[in-house]
Every structure is written in C-alpha cells, then in structure tokens.
Amino acid sequence: VQLQASGGGLVQAGGALRLSCAAAGRTFSSYSMGWFRQAPGKEREFVAHITWTGDRTYYADSVKGRFTISRENSKNTGYLQMNSLKPEDTAKYYCAADARRYWSDYSNTYNYDYWGQGTQVTVSS
C-alpha cells in the first residue's frame, strides 16, 4: 500500500491542524495505521495508532487528550486531528500502516511495513 501524508503547516501555539494519510494500492480497511513524528536530531517517536477495525485507538502520553486518530475506509484515508498544539509538537509527521492482526507493540516503528513521505508541522510560540 502506498501512503501519502498531507495537511501539515505553520500554526501558532494553541492552534489546530488535521493531517490526512491517503492510501492507494491495497485495501486500506485491512491495515492498521499509526502516526509517528520526528524532530531534527531526535529519533522517530510514536504518536497514535488505530486498529484496522477502527474500534481501538492508542496514544502517546504526550498527545493524549489533544490528538485524535481516526479513519474513513470508504475514502481510503486516515486522519490525525491535532488540537491545542504546542511548540514541542513541531516535527515531521509520518503515517504508517501494517496488515498484521496481532500487535505486540504498536509504538515500534519496526512493526510497520508501509510508510508515507511525511508532512512538516511547525508550531510557533
């Protein structure tokens, strides 16, 4: 499956953005999806995960209560709604997908076979 992330931009602290992850090539509804982010000089870190059924979601503690992951299988698209943005949220955001059914660790980048190219989010103070 090919993934294309979009929706990034420059926003003031306290603002909101919605990222999209468009999937092509395979049946998106069969894939669980995750969002990760990477700031300059730092490792890529887990942000959020949604199961292929869409019935369970998981978040990093740093974004819990502010970010919401969702999916719209009819449009082959996943989303990350980001509210109450902080300067420390500044990073390049990547969407990822994998077809596995059993997840031992949804926060590990090695468990995702497919990645989008990333979209930059910059939050000014």
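We now turn to the structure provided with this report. Residue positions within a chain follow its written sequence, with the count starting from 1. This being a predicted model, a pLDDT of at least 70 is required before a residue's local features are given, and a value of 80 or more before pairs of side-chain atoms are given or counted; all residues contribute to the totals for chains, interfaces and linings. To get the side-chain values, take all heavy atoms of the structure and skip hydrogens and water.

Section: the pattern of salt bridges
To keep things clear, this is the line we draw: What counts as a salt bridge is simple: a side-chain nitrogen of Lys or Arg found within 4 Å of a carboxyl oxygen of Asp or Glu. Burial classification: accessible surface area is computed with a 1.4 Å probe over protein chains only, and a residue below 20% of its type maximum counts as buried, one above 50% as exposed, and the rest as partly exposed.
The tally for this structure, following the rule as stated, stands at 7 salt bridges. Across the salt bridge formed by aspartate 55 and arginine 56, the nearest N and O atoms sit 3.8 Å from each other. Given a relative accessible area of 54%, aspartate 55 falls into the exposed group. A relative accessible area of 47% means that arginine 56 is categorised as partly exposed. The salt bridge involving arginine 100 is made with aspartate 98; its shortest N-O contact spans 3.2 Å.

Comments concerning the packing of aromatic side chains
How we decide: Only Phe, Tyr and Trp rings are paired, with Trp represented by its six-membered ring, and only when their centres lie within 6.5 Å; those with planes under 30 degrees apart are stacked, over 60 edge-to-face, the remainder tilted. Comment: elements are numbered from the N terminus, with helices defined as DSSP H or I runs of at least four residues and strands as E runs of at least two. A positively charged side chain is recorded as over a ring if its NZ (Lys) or CZ (Arg) lies within 6 Å of the ring centre. The angle to the ring normal must also be within 35 degrees.
Scanning the model with the defined rule gives 8 aromatic pairs in all. Taking 5.7 Å as the distance between ring centres and 75° as the angle between the ring planes, the aromatic pair formed by phenylalanine 36 and phenylalanine 46 counts as edge-to-face. Pair noted here: phenylalanine 36 is in strand E4 (residues 32–38) and phenylalanine 46 is in strand E5 (residues 45–50), with a separation of 10 residues, a long-range link. Take phenylalanine 36: its relative accessible area is 0%, and that puts it in the buried class. On the basis of relative accessible area, phenylalanine 46 is assigned to the buried category, the value being 11%. An angle of 25° between the planes, with centres 4.2 Å apart, marks the rings of tyrosine 58 and tyrosine 106 as stacked. Placement of the pair is tyrosine 58 in strand E6 (residues 57–59) and tyrosine 106 in the loop between strand E9 (91–98) and strand E10 (114–115), with a sequence separation of 48 residues. Through pairs of rings, three or more aromatic residues link up here, namely Phe36, Phe46, Tyr58, Trp103, Tyr106, Tyr112 and Trp115. Above the face of the tyrosine 94 ring, arginine 44 is positioned so that its terminal group lies 3.7 Å from the ring centre.

A short note on the sheet that holds strand E7 (residues 67–72)
Selection rule: For two strands to be treated as a pair, DSSP must find no fewer than two bridges joining them. Convention adopted: a line fitted to C-alpha atoms gives each axis, helices being fitted over their contacting stretch, and angles between N-to-C directions are expressed from 0 to 180 degrees.
One open sheet holds the 4 strands; their spatial order is E1-E3-E8-E7, and the pairing between them is antiparallel. Single-partner strands in this sheet number two, and they are strand E1 (2–6) and E7. Pairwise comparison of adjacent strand axes, ignoring direction, gives a mean angle of 15° for this sheet. In this structure, E1 lies alongside strand E3 (residues 17–24), joined through 5 bridges in antiparallel fashion. Pairing of serine 6 across the sheet is with serine 20, part of E3.

Structural notes on the state of the cysteines
Worth spelling out the cut-off: By convention in this document, the label disulfide applies to cysteine sulfur atom pairs within 2.5 Å.
Inspection of every chain in the model, using the stated rule, returns 1 disulfide. The disulfide partner of cysteine 21 is cysteine 95, and the gap between their sulfur atoms is 2.2 Å. Handedness of the cysteine 21-cysteine 95 disulfide follows from its S-S torsion of about 70°: it is right-handed. Of this pair, cysteine 21 sits in strand E3 while cysteine 95 sits in strand E9, and the two are 74 residues apart along the sequence. Of the two residues, cysteine 21 and cysteine 95, neither departs from the other in class, the shared state being buried.

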